[in-house]
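The residues making up each chain are set out below.
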Amino acid sequence: MADTQQVDEGTDARQAAKAERRAARLAKEIGAFAKAHGGAEGQVAYIGERGARIVLVGEDGGWGDLVAPTYDIAEKAVRKAGITVHESFDGEFAGKVRTGPYEWTRMAGIQVGGKRGA
């Protein structure tokens, strides 16, 4: 029985180390985004079995997102990156997003049933 416990502990340690590396990689990507956009704020949202989505909004209004395999890893990543994290994507935070023609065309196409004909 001691052998089984030792194997489980080794597996747990490997999984924890893998999660830590993933959080560090995400934090690095968040940091790069923040640097490119004059700073950044974020919001973490659970997206089911897929994990968690980290939505980033730069000080210049640019935005992007990353997907983490778990909510815990996403939370570790934003903490490591040192950005402000919001509970929800609404109000003043959402108002910082600046969209361009591409986003408006995509949103309009979705609303009216798809791509506009030529």
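Our structure's up above, just so we're on the same page.
Notes on the structure in this doc start here. Counting starts from 1 at the beginning of each chain's written sequence and moves along it residue by residue. Given that the model is predicted, a residue must reach a pLDDT of at least 70 before its local features are reported, and side-chain atom pairs must reach 80 or more before they are shown or counted; all residues, however, enter totals for whole chains, interfaces and linings. To obtain the side-chain values, all non-hydrogen atoms of the structure were used and water was disregarded.

### Considering the pattern of salt bridges
At step 1: In what follows, salt bridge is the name for a side-chain nitrogen of Lys or Arg lying within 4 Å of a carboxyl oxygen of Asp or Glu. Tallying each qualifying case throughout the model produces three salt bridges.
At step 2: In this structure, the salt-bridge partner of K80 is E20, at a minimum N-O distance of 2.6 Å. With K80 in helix α2 (residues 71-81) and E20 in helix α1 (residues 2-36), this residue pair connects regions lying 60 residues apart in the sequence.
At step 3: Residue D65 is joined to R53 by a salt bridge in which the shortest nitrogen-to-oxygen separation is 2.6 Å. Within this pair, whereas D65 is found in strand β3 (residues 63-68), its partner R53 is found in strand β2 (residues 52-58), the two being separated by 12 residues in sequence.
At step 4: Any residue under 20% of the maximum accessible area for its type is buried, any over 50% is exposed, and the rest in between are partly exposed; the area is computed with a 1.4 Å probe on protein chains only. A residue is classified by how much of its surface remains accessible, and R53, at 32% relative accessible area, is partly exposed. To qualify as a helix, a DSSP run of H or I must reach at least 4 residues; to qualify as a strand, a run of E must reach at least 2; elements of each kind are numbered from the N terminus.

### What about the sheet that holds strand β4 (residues 84-86)?
At step 1: Spatially, four strands are ordered β3-β2-β1-β4 in an open sheet, and the strand pairing comes out mixed. The sheet is open, and its two edges are formed by β3 and β4, each paired on a single side. Strand-to-strand twist in this sheet, taken as the mean axis angle between neighbours without regard to direction, amounts to 25 degrees.
At step 2: Relative to β3, β2 runs antiparallel, the two sharing six bridges. Across the sheet, residue L56 finds its bridge partner in β3, namely G64. Here, any two strands with at least 2 DSSP bridges between them count as paired. Axis definition: a line fitted to C-alpha atoms, limited for helices to the stretch in contact. Angles are taken between N-to-C directions and run from 0 to 180 degrees.

### Some details on the nonpolar core
At step 1: Within the largest apolar cluster, 18 residues are counted, with the highest numbers of intra-cluster contacts made by I30, I54 and L56.
At step 2: If you list the elements that add at least two residues to this core, you get α1, β1 (40-46), β2, β3 and α2.
At step 3: In terms of residue count, α1 provides more of this core than any other element does, six residues in total.
At step 4: Only heavy atoms matter for contacts: two residues are in contact if any of them lie within 4.5 Å across the pair. Residues within four places of L56 in sequence aside, it is in contact with I30, F33, E41, G42, G62, W63, G64, L66 and I83. Throughout this description, the term nonpolar core refers to a set of buried Ala, Val, Leu, Ile, Met, Phe, Trp, Tyr and Cys residues connected via side-chain atoms within 4.5 Å.

### Things to note about the pairing of β1
At step 1: For β1, the tally of buried residues reaches five of seven residues, placing the bulk of the element in the interior.
At step 2: Pairing between β1 and β2: seven bridges, direction antiparallel. The residue bridging Q43 from the neighbouring strand is V55, located in β2.
At step 3: Here β1 folds back onto β2 in antiparallel fashion, the turn holding five residues, of which G48 has a positive phi close to 85 degrees.
At step 4: Pairing analysis gives three bridges linking β1 to β4, with the strands arranged parallel. Note on β4: the bridge partner recorded for E41 is T84.

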